[in-house]
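Here is how the chains run, residue by residue.
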Amino acid sequence: MAHSFSPTLAQLNRVILGKEDQVRMALCCLLARGHLLLEDLPGVGKTTLAHALAATVGLRFQRVQFTSDLLPADLIGVSIYERDTGRFRFHHGPVFAQVLLADEINRAPPKTQSALLEAMEEQQVTVDGTSYPLPEPFFVIATQNPQHQIGTFPLPESQLDRFLMRLELGYPDGAAERAMLAGESRRELVAQLQPTVGPTELTAAQQQVDKIHVSGPLLDYVQALARATRSHDALSYGLSPRALLGLIAAARAWAWLDGRDHVIPEDVQAVFPGVAGHRLVQRASGRVAPDAALELLRTVAIP
Amino acid sequence: MADHRSLPRNKMLALLGTLALVLAPHLAQMPVWLILVTLLPLGWRAHIAWSGQRLPGRAIRLVLACAMVAMVFLQFRTLIGRDGGVMLLACLVALKLLETTTRRDVRILTLLGYFVAGTLFLVSQSFWMLAYVLMACVLLTGQLFAWQREDTRFEPEEYRRALRLLLEGLPVALLLFVLYPRLAAPLWSMPADRAQASTGISDTMSPGSFSDLTLDDSVAFRVDFRGLAPQRDQLYWRGPVFERFDGHTWLQREFAPASTPTIVPRGRTLDYTITLEPQQRAWLFALDLPTQLPQGARLTSRLQAVYRQPLVNRARFDFQSATDWRIDNQDDTSLSQALALPQGGNPRARALAQGWRDLPPQVRVARALVWLQSNGFAYTLAPPLLEGPDEVDQLLFRTREGFCEHYAGSFTFLMRVAGVPARVVGGYLGGEYNAAGDYWIVRQADAHAWVEVWLEGRGWQRVDPTAVVAPMRVSGGLARSVRDSDRLPMLLRENAAWLANLRLKWDNVIYVWDRWVIGYDTQRQLQLLKKLGVDGLDSALYVAWLVGGFALILAAYTLASRWMPRSERPRDPAARLWRAFMRRLAQRGVMPRLGEGPRDFAARAAALLPGHADAIRQIANHYLAARYGDAPDAAQQLAKALKTLRL
């Protein structure tokens, strides 16, 4: 089964060099209707990836730089009294976008963070008793600096759980970095990007992803992985049912991107580190343990 | 040289620990300074692994190697043989650690570990050593498994797998043990265990030499009777004969006459086998009186059975004895020596026995026994010390307390004064019946001394003065005949019945081990093969047994491996077919990894077997479609593709 996202992937890979896996994962997250958390050092291309993704799928893009004095109203919008009509009118905040880049989400105070996360979960915002639906599709890409950096409010586990995936970009390899240094400015490249698909195609694709076949043996495997996370000695707690739903959705999207009509264990394995990594907390250090996910894949047999 | 830091630290330390464990029994035999010399590289390597420092350079290693070889040579004056050779091996293993930088080195070290474990049987061939060596093999195999993986994790599962592997190999090992041609004699003589150096009956008898033995409950020998065993009070195990008396000590005669008297057996004939524990002498202990001796043994002129060489290894001997006998043709020198006494001393004893000289010889013996019986003599392990030149007088007329050697010595003295040729016989009396294995255990504590007198027309006959003084010693064993205050091994006392029972059971295990494992030699093998209908190692039937045995084991393995997964055999036909496919690939060396998806596995297999790459990928696709997709005919296609696959 061919899909219409091959050009999208190719175009993204032209902008983000040497990060095929992460680009594919990001797209996969979008197709699975999940939200994406990018965690890495400043300057490795988090923002560029978000920009490029929005531009190439032809979605309306908004960017909010989170700071320690950002208030919920700055994000969601505010009702302002209009003298002409004598009524309050709601001014839409930047959250009313199809792709929202929440840059450095862990710099904002918890109040603002939770306002965004609520919007992500409910697909709507409520101001002064009136609910305003968010646009379709609605896709949040949050970036986060590593938590040991100064001046951050780490996201609690319950809020991390709202993100379908957490990705690290990492330094590019030598060749990719060289090509990037020698080539055009990324900013210009992003500006030149032409949409390869539109919102309608994306919605259609999302519907197709939902229909990808998931067999009993595959669910057995997913449950085996879940059991392994829950009984692991070094982990505080295992994957939640919501995480498992997310895992299956992401695996479906991955299979769809691969042109298949059914999910195979390799799909689950491909998305598992991204989906499970930020949900597994090490008992000893209290930090998230992305490596534990890889280790689990090596030790859990496929039924 | 590769960087040793690429080797995971925790695995390296585990390897060091395993090697130290394997070397430990060898080192326990060595002088302390050599232990330290061997442990130095081990400790050094552990430190290096821990701290991540550099390994010592080639020059240091060379100097260390030369120094170690020199030290081993200084200690043993040789680099071959058991002690020198083994020590050299230990040193080289330790040194090899200092140049271990790659996984290949680690594998070599592990294989050396197996070799060292094999040489542990040079230290001891006991049951415990086998258990130790098997444990070492499990640990070493576990190491091989562990180093096969790239990562640094420790997995107990690997030791379980090693154990399973070893257990699976056991039937083949047993078959080879039973059927593989045994050597008639060991390749080299096994030196005796040091522990057995100085136990047993000594070659002289003085007051105290036997009672000391009663504290030693180690086994002297074990006996299997073919047919009914005689009464316990008839179990006189004959050892050295003491004929010369110097006023204090009874000694063996230095120069034996050439002629051996003729034994005319009477009474019952007893057939039995003795399994003798290692000792320093060539003495065999046969039931009074042996009429047929095993190969390599002879009867001395004093009717003691001796072997042609010292019995430093545990050995088995078949005997035949008569319960009653007549002896002819004793040379006159022997008889006159059996009357010899030192000049002077013991006047009261002499006076007593002089009085019997007019009676017939047999009556003199009876008189002496009656005298012993009626004068209040006591049997004790802790008699008062006898001092001065007249020890016999002191015992007979003053202290009146003694042990078997006191009574045997004094009685012989009396007999000689009375003109009856007499001599002291040392050996063992009685034994303990082990119902668990239907055999008798004779311990050092059963050591005993009795008297032989020469009676015209009957020859040497046994007289046991101890039996008169303490009849229970003869019929009931040591524990019943001594006083409670006497020191006696706890286990010989009968109120520790459950413990004694346990010990008998365990003794049986050891005995079976000695008989069937250590004592399994050419002769026993031929006996066993005869039962299987095989005449010799060159017969066709022997080959048939060997091949048949292997075929049987192989068939059992095949059946087991088919049967074992069946318990968890998947119901899904596609999964079953896939499992069969993986088994076929495993035979070609493509092992599935834990947690590896079918597509990844197929990709790896295709890379390893490029000739079948397309077929393998196609099979994997069919399987994935059948198991994870909802294509109804994929399972049939998978079956078809598998049938056409020719690996």
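Residues numbered from 1 in each chain as written. Chains lettered and ligands numbered in written order. Predicted model: local features only at pLDDT ≥ 70, side-chain atom pairs only at ≥ 80, totals over all residues. Heavy atoms only, no water.

Description of the overall build of chain A
What counts here: Secondary structure is summarised from DSSP: a helix means a run of H or I of at least four residues, a strand means a run of E of at least two, and numbering begins at the N terminus for each. Here the globule rule reads 2.2 Å times residues to the power 0.38, and the radius of gyration is calculated from C-alpha atoms. Buried residues are those whose accessible area, probed at 1.4 Å on protein chains only, stays under 20% of the maximum for their type, while exposed residues exceed 50% and partly exposed ones sit between those limits. Contact between two residues is taken to exist if any of their heavy atoms lie within 4.5 Å; hydrogens are not considered. Reported accessibility uses the Shrake-Rupley method at a 1.4 Å probe radius. Residues are deemed covered only where the shown protein chains occlude them. The positive count covers Lys and Arg only, the negative count covers Asp and Glu only, and His and the chain ends enter neither. Each charge is placed at NZ for Lys, CZ for Arg, CG for Asp and CD for Glu.
Along the backbone of chain A there are 13 helices and 9 strands. Taken over the C-alpha trace, chain A has a radius of gyration of 20 Å; the compact-globule value for 303 residues is 19 Å, and the two agree within 12%. Taken along the three principal axes of its C-alpha coordinates, chain A extends 70 × 40 × 40 Å. Put simply, chain A has 303 residues, and 53% of those count as buried. When contacts within chain A are restricted to residue pairs at least 6 apart in sequence, those whose partners lie at least 24 apart make up 76%. Per element, the accessible surface of chain A, about 13600 Å² overall, is 52% carbon and sulfur. Averaging the coordinates of the 27 positive side-chain charges in chain A and doing the same for the 32 negative ones gives two points 1 Å apart.

Details of unusual backbone geometry
The peptide bond linking Glu136 of chain A to Pro137 of chain A adopts the cis configuration, its omega dihedral lying at -20°. Checked against the element boundaries, Pro137 of chain A lands in the loop between β7 (130-133) and β8 (139-144). Between Asp288 of chain B and the following residue, Leu289 of chain B, the backbone shows a cis peptide bond with an omega angle of 10°. Within the secondary structure layout, Leu289 of chain B lies in the loop between β7 (286-287) and β8 (290-292). Positive phi, close to 50°, is recorded for Asn346 of chain B, a residue that is not glycine. A positive phi angle is found at Asp438 of chain B, which is not glycine, with a value near 55°. Judged by relative accessible area, which is 46%, Asp438 of chain B ranks as partly exposed.

Let's talk about the nonpolar core
Spelled out, the test is: Note on terminology: a nonpolar core comprises buried Ala, Val, Leu, Ile, Met, Phe, Trp, Tyr and Cys residues joined through side-chain atoms within 4.5 Å.
Grouped together as the largest cluster of nonpolar side chains are 96 residues, with contacts concentrated most on Met165 and Val271 of chain A. Not counting chain neighbours up to four residues away, the residues in contact with Val271 of chain A comprise Met25, Cys28, Met165, Leu247, Ala250, Ala251 and Trp254 of chain A. Within the second largest apolar cluster, 80 residues are counted, among which are Ala282, Leu299, Phe397 and Phe403 of chain B.

Here's the deal with the packing of aromatic side chains
For clarity, the threshold we go by: Only rings of Phe, Tyr and Trp enter the pairing, Trp through its six-membered ring, and a pair is recorded when the two centres are within 6.5 Å. The plane angle decides the type: under 30 degrees is stacked, over 60 is edge-to-face, the rest tilted. In this scheme, the term charge over a ring applies when either NZ of a lysine or CZ of an arginine sits within 6 Å of the ring centre and within 35 degrees of the ring normal.
Per the counting criterion, the structure on display carries 32 aromatic pairs over all chains. An angle of 75° between the planes, with centres 5.4 Å apart, marks the rings of Phe5 of chain A and Trp256 of chain A as edge-to-face. Of the two residues, Phe5 of chain A sits in the segment before α1 (6-15) while Trp256 of chain A sits in helix α11 (residues 241-257), which places them 251 residues apart along the sequence. Three or more aromatic residues link up through ring pairs in this structure, and these residues are Phe221, Phe225, Trp237, Tyr272, Phe285, Phe319 and Tyr428 of chain B. Its guanidinium or amino end placed over the ring of Trp283 of chain B, Arg281 of chain B lies 4.7 Å from that ring's centre, counting from NZ or CZ.

Notes on the state of the cysteines
Short version of the rule: Counting rule for disulfides: a pair of cysteine sulfur atoms within 2.5 Å.
Counting across every chain of the model gives 0 disulfides over all chains. The thiol sulfur of Cys29 of chain A is not disulfide-bonded, and the nearest other cysteine sulfur, from Cys28 of chain A, lies at 7.2 Å. Cys91 of chain B takes part in no disulfide bond, and the closest cysteine sulfur to it belongs to Cys66 of chain B, at a distance of 12 Å.

Some remarks on the pairing of β7 of chain A
Residue and element names in this part refer to chain A. The following threshold applies: Any two strands with at least two DSSP-identified bridges between them are counted as paired.
Direction of pairing for strand β6 (residues 124-127) relative to β7: antiparallel, over a ladder of 4 bridges. Bridge pairing in β7 places Val127 opposite Thr130. Between the antiparallel neighbours β6 and β7 lie 2 residues, among them Asp128 with a positive phi of about 50°.

Regarding the sheet that holds strand β5 (residues 99-103) of chain A
Residues and elements named next belong to chain A. Threshold: For every element, the axis is a line fit to its C-alpha atoms; helices are fit only across the contacting stretch, and the angle between N-to-C directions ranges from 0 to 180 degrees.
Taken in spatial order, the 5 strands line up as β2-β5-β8-β1-β9 in an open sheet, and their pairing is parallel. Because the sheet does not close on itself, it has two edges, and the strands there are β2 (61-65) and β9 (165-167). If you compare each strand with its neighbour and ignore which way they point, the axes differ by 20° on average.

Points about the sheet that holds strand β17 (residues 447-455) of chain B
Neighbouring strands of a sheet are bound in pairs by backbone hydrogen bonds; such pairs are parallel or else antiparallel. All names here are of chain B. Taken in spatial order, the 5 strands make up an open sheet running β7-β3-β14-β17-β18, and their pairing is antiparallel. Edge positions in the open sheet fall to β7 and β18 (459-463), since each of these has one partner strand only. Bridge analysis of strand β3 (residues 236-242) against β7 gives 2 bridges, and the strand direction is antiparallel. By the bridge assignment, Trp237 is partnered in β7 with Leu287. Strands in contact with helix α10 (residues 361-374) are β17 and β18; relative to β17, the strand with the most contacts, it is inclined by about 150°. Lying on the sheet, helix α12 (residues 404-417) is in contact with β14 (422-429), β17 and β18; it crosses β17 at an angle near 15°.

Quick look at the UniProt feature "domain: Transglutaminase-like" (unreviewed entry) in chain B
How we decide: UniProt positions are given in the numbering used here, feature names are shortened, and annotations may be inferred rather than shown by experiment.
Summarizing the sequence annotation, UniProt attributes the feature "domain: Transglutaminase-like" (unreviewed entry) to residues 396-467 of chain B in the numbering used throughout. As a span, residues 396-467 of chain B carries 29% helix and 44% strand, and end to end its C-alpha atoms are 16 Å apart.

A word on helix α9 (residues 347-354) of chain B
Side chains that are three or four residues apart share a direction in an α-helix, a result of its 3.6 residues per turn. All names here are of chain B. So the rule is basically this: Arc, as used here, means the arc of the directions from the helix axis to the C-beta atoms.
Looking at α9, one finds that the buried residues are Ala349, Leu352 and Ala353. Seen from one end, α9 has its buried residues packed into an arc of 90°, which puts them on one side. Relative to its buried face, α9 has exposed residues pointing more than 90 degrees away, namely Pro347 and Ala351. The inward-facing, buried residues of α9 abut α10, α11 (391-399) and α12.

Quick word on the domain arrangement of chain A
Residues and elements named next belong to chain A. Heads up, the condition is: Throughout, the edges of the domains are those of an automatic or database domain assignment. Two parts placed together each lose some accessible area; with a 1.4 Å probe, that loss summed over both constitutes the buried area. Salt bridges are identified by distance alone: a Lys or Arg side-chain nitrogen within 4 Å of an Asp or Glu carboxyl oxygen. Pairing of N or O atoms within 3.5 Å defines a polar contact, subject to two protein rules: one partner must be a possible hydrogen donor and the other a possible acceptor, and residues neighboring in sequence count only if both atoms are side-chain atoms.
Examined at the domain level, chain A breaks down into domain 1 (1-197) and domain 2 (211-303). Between the C-alpha centres of domain 1 and domain 2 the distance comes to 24 Å. The junction of domain 1 with domain 2 conceals about 2100 Å² of combined surface from both sides, 62% of it contributed by carbon and sulfur atoms. Inspection of the region where domain 1 meets domain 2 yields 4 salt bridges. Between Arg279 and Asp161 there is a salt bridge; the shortest N-O distance is 2.4 Å. Remark: the boundary between domain 1 and domain 2 carries 9 residue pairs in polar contact (both at pLDDT 80 or more). In terms of residue count, helix α2 (residues 20-31) provides more of the side of domain 1 that touches domain 2 than any other element does, 5 residues in total.

Some words on the packing of helix α5 (residues 103-119) of chain B against helix α6 (residues 127-148) of chain B
All names here are of chain B. What counts, and what does not: Any angle between 65 and 115 degrees counts as roughly perpendicular, while under 35 counts as roughly parallel, over 145 as roughly antiparallel, and the rest as oblique. Gly is placed with the polar residues, together with every amino acid not listed as nonpolar (Ala, Val, Leu, Ile, Met, Phe, Trp, Tyr, Cys and Pro) or charged (Asp, Glu, Lys and Arg).
Look at α5 against α6: their axes get within 10 Å of each other, and the N-to-C directions meet at 170°. In terms of orientation, α5 and α6 fall into the roughly antiparallel class. The residues of α6 that touch α5, namely those facing Arg103, Val106, Arg107, Thr110, Gly113, Tyr114 and Ala117, are Val133, Ala136, Cys137, Leu140, Thr141, Gln143, Leu144, Trp147 and Gln148. Taken together, the residues of the contact of α5 with α6 sort by class into 9 nonpolar, 5 polar and 2 charged.

Considerations on the interface of chain A and chain B
Between chain A and chain B, the residue contacts involve 20 residues of the former and 15 residues of the latter. Buried surface at the junction of chain A and chain B, both sides included, amounts to about 1400 Å², of which 53% is carbon and sulfur. Linking chain A with chain B are 1 salt bridge. At the boundary of chain A with chain B, the tally comes to 5 residue pairs in polar contact (both at pLDDT 80 or more). Where the side of chain A that touches chain B is concerned, the elements lending two or more residues are α10 (216-230), α12 (265-276) and α13 (290-299) of chain A. Top element by residues in the side of chain A that touches chain B is α13 of chain A. It accounts for 4 residues. Across the side of chain A that touches chain B, the residue classes break down as 10 nonpolar, 5 polar and 5 charged.

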